[in-house]
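Read off the chains here:
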Amino acid sequence: MKILKLNRNNDFRRAYSRGKYLVHPILITYVVKNRAGGCRLGITASKKVGNAVKRNRARRVITAAFQQLEPFLTGSYDIVLVARSATVRVKSTDVLPVLRRQLKKLGVLGE
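Computed from a predicted model, the values in this text were never measured in an experiment. (Residues numbered from 1 in each chain as written. Predicted model: local features only at pLDDT ≥ 70, side-chain atom pairs only at ≥ 80, totals over all residues. Heavy atoms only, no water.)

Looking only at helices and strands, one finds three helices and five strands in the protein chain. For 111 residues, the compact-globule estimate of 2.2 N^0.38 gives 13 Å, and the protein chain sits close to it at 13 Å. Considering only C-alpha atoms, the protein chain reaches an extent of 35 × 30 × 25 Å along its principal axes. Classification of the 111 residues of the protein chain by burial places 48% in the buried group. For the protein chain, the accessible area works out to roughly 6,600 Å², and carbon and sulfur atoms hold 51% of it. Charged side chains in the protein chain number 24 positive and 5 negative. The centres of these two groups are separated by 8 Å. (Helix = DSSP H or I, 4+ residues; strand = E, 2+ residues; numbered from the N terminus. Rg over C-alpha atoms; globule rule 2.2 N^0.38 Å. Buried < 20%, exposed > 50% of the residue type's maximum accessible area, 1.4 Å probe, protein only. Areas by Shrake-Rupley, 256 points an atom, 1.4 Å probe, with all protein chains shown as cover. Lys, Arg positive; Asp, Glu negative; His and termini not counted. Charge placed at Lys NZ, Arg CZ, Asp CG, Glu CD.)

Printed below as a string of structure tokens:
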């Protein structure tokens with residue numbers, strides 16, 4: 001199944017201002033309900049993460065971890081995942097348990 005992308009600036013702003021969030025040294029997760037009829041994903045990596053190569057790697061690692069959890073998502077949410085400087089140094093297998101725990105706490109992940 002293809003991941004629906006979040007790409008409009010006001011969608012990201014809505015997640016930052018109205019969404020619930022959890023912080024971890026590897027990843028920050030924002031979640032807000034939407035009316036799109038499915039889950040949409042947005043991934044950001046600021047210049048604090050590193051140069052373009054490092055930012056792209058961080059996004060790839062997060063995407064790989066999210067793809068494994070996507071079949072278990074419930075409801076209709078906008079999910080924004082923010083890479084941190086530690087994300088560059090880990091693999092998707094390290095991001096997966098962190099992402100699973102955060103999505104479960106935020107009520108997005110079913111069994």
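For the rest of this paragraph, the subject is the packing of aromatic side chains. Going through the model one piece at a time under the given rule, you end up with two aromatic pairs. Look at tyrosine 16 and tyrosine 30: their rings are 4.9 Å apart centre to centre, the planes differ by 75 degrees, and that puts the pair in the edge-to-face class. Here tyrosine 16 is found in helix α1 (residues 9–18), whereas its partner tyrosine 30 is found in strand β3 (residues 27–33), with 14 residues between them in sequence. When its relative accessible area of 35% is taken as the criterion, tyrosine 16 is described as partly exposed. Here tyrosine 30 falls in the buried class, since its relative accessible area comes to 16%. Through successive ring pairs, a cluster of aromatic residues spans Tyr16, Tyr21 and Tyr30. (Phe/Tyr/Trp six-rings, centres within 6.5 Å; stacked < 30°, edge-to-face > 60°.)

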